[in-house]
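Next come the chains, spelled out residue by residue.
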Amino acid sequence: MTDTERQTERRLERAILELLERRDPSASICPSDAAREAYEGDGDGWRELMEPARRVAGRLVTAGKVEITQSGRRVDPAKARGPIRIRRAR
């Protein structure tokens, strides 16, 4: 992993945790929310950060900080396919 990739992933981690902190404790966010928050540019370049945002969320699950859900149910981030949500660990 390059230094740039590490910096991007740190921005994504901060974005996920800060977005959740600003919301109701039971609320969730979409990885796109974090990608948009962490993106340092104009236009829709944030879309390139979607997979990195999912990866970072998966690491935060391992750290016990967040949960990944689909249809309101907690799922294993490694097995999740399709749209996911991120919420604080319960």
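Residues numbered from 1 in each chain as written. Predicted model: local features only at pLDDT ≥ 70, side-chain atom pairs only at ≥ 80, totals over all residues. Heavy atoms only, no water.

Peer 1: For the overall build of the protein, give the residues involved together with the corresponding values.
Peer 2: Of the regular secondary structure elements, the protein holds three helices and four strands. Ordered by position in the sequence, the α and β elements of the protein form the string α-β-α-α-β-β-β. Radius of gyration (C-alpha) of the protein: 12 Å, near the 12 Å computed for a compact globule of 90 residues. For the protein, the spread of C-alpha atoms along the principal axes amounts to about 30 × 25 × 25 Å. Sorting the 90 residues of the protein into buried and exposed places 34% on the buried side. (Helix = DSSP H or I, 4+ residues; strand = E, 2+ residues; numbered from the N terminus. Rg over C-alpha atoms; globule rule 2.2 N^0.38 Å. Buried < 20%, exposed > 50% of the residue type's maximum accessible area, 1.4 Å probe, protein only.)

Peer 1: So what's going on with the packing of aromatic side chains? Which residues, and what values?
Peer 2: The geometry of an aromatic ring pair is captured by the separation of the ring centres together with the interplanar angle, meaning the angle of the planes. In this structure the tally under the stated criterion is zero aromatic pairs. For the cation-ring pair, Arg36 lies above Trp46, with the distance from its terminal atom to the ring centre recorded as 3.8 Å. (Phe/Tyr/Trp six-rings, centres within 6.5 Å; stacked < 30°, edge-to-face > 60°. Lys NZ or Arg CZ within 6 Å of the ring centre and 35° of its normal.)

Peer 1: So what about the nonpolar core? Which residues, and what values?
Peer 2: Soluble, globular proteins show a tendency: their nonpolar side chains are buried together. Counting 20 residues, the largest nonpolar core has Leu12, Ile16, Leu20, Ile29, Ala34, Val66 and Ile86 as the members making the most contacts within it. Put simply, the parts of the chain that give this core at least two residues each are α1 (3-22), α2 (31-38), α3 (50-62) and β2 (66-70). Examining the composition of this core, we find that five residues originate from one element, α1, more than from any other. Ignoring any residue separated from it by four or fewer positions in sequence, one finds Leu20 in contact with Ala27, Ser28, Ile29, Val66, Ile86, Arg87 and Arg88. (Core = buried A, V, L, I, M, F, W, Y, C linked by side-chain atoms within 4.5 Å. Contact = heavy atoms within 4.5 Å.)

Peer 1: Before we move on, could you go through the sheet that holds strand β3 (residues 73-74) and cite the residues and values that matter?
Peer 2: Consider a sheet: its strands pair through backbone hydrogen bonds, and that pairing is either parallel or antiparallel. A sheet is described by the order of its strands in space; here four strands give the open sequence β1-β4-β2-β3, paired in antiparallel fashion. On the outer flanks of this sheet lie β1 (28-29) and β3, each paired with one strand and no other. (Pairing = 2+ DSSP bridges.)

Peer 1: A description of the side chain of Arg87 should follow, citing residues and the corresponding values.
Peer 2: Considering the arrangement of structural elements, one finds Arg87 in strand β4 (residues 85-88). Of the residues examined, Arg87 reaches a relative accessible area of 12% and is grouped as buried. Not counting residues within four places of it along the chain, the set of residues in contact with Arg87 comprises Leu20, Ala27, Ser28, Val66, Glu67, Thr69, Gly72 and Arg74.

Peer 1: Talk me through the side chain of Glu67; I want residue IDs and the actual numbers.
Peer 2: In this fold, Glu67 is placed in strand β2. Of note is the side chain of Glu67, whose polar atom sits 3.0 Å from the side chain of Arg74. Once residues lying within four places of it in the same chain are set aside, the contact partners of Glu67 are Val61, Arg74, Arg85, Ile86, Arg87, Arg88, Ala89 and Arg90. (Polar contact = N/O pair within 3.5 Å; in protein donor to acceptor, adjacent residues only side chain to side chain.)

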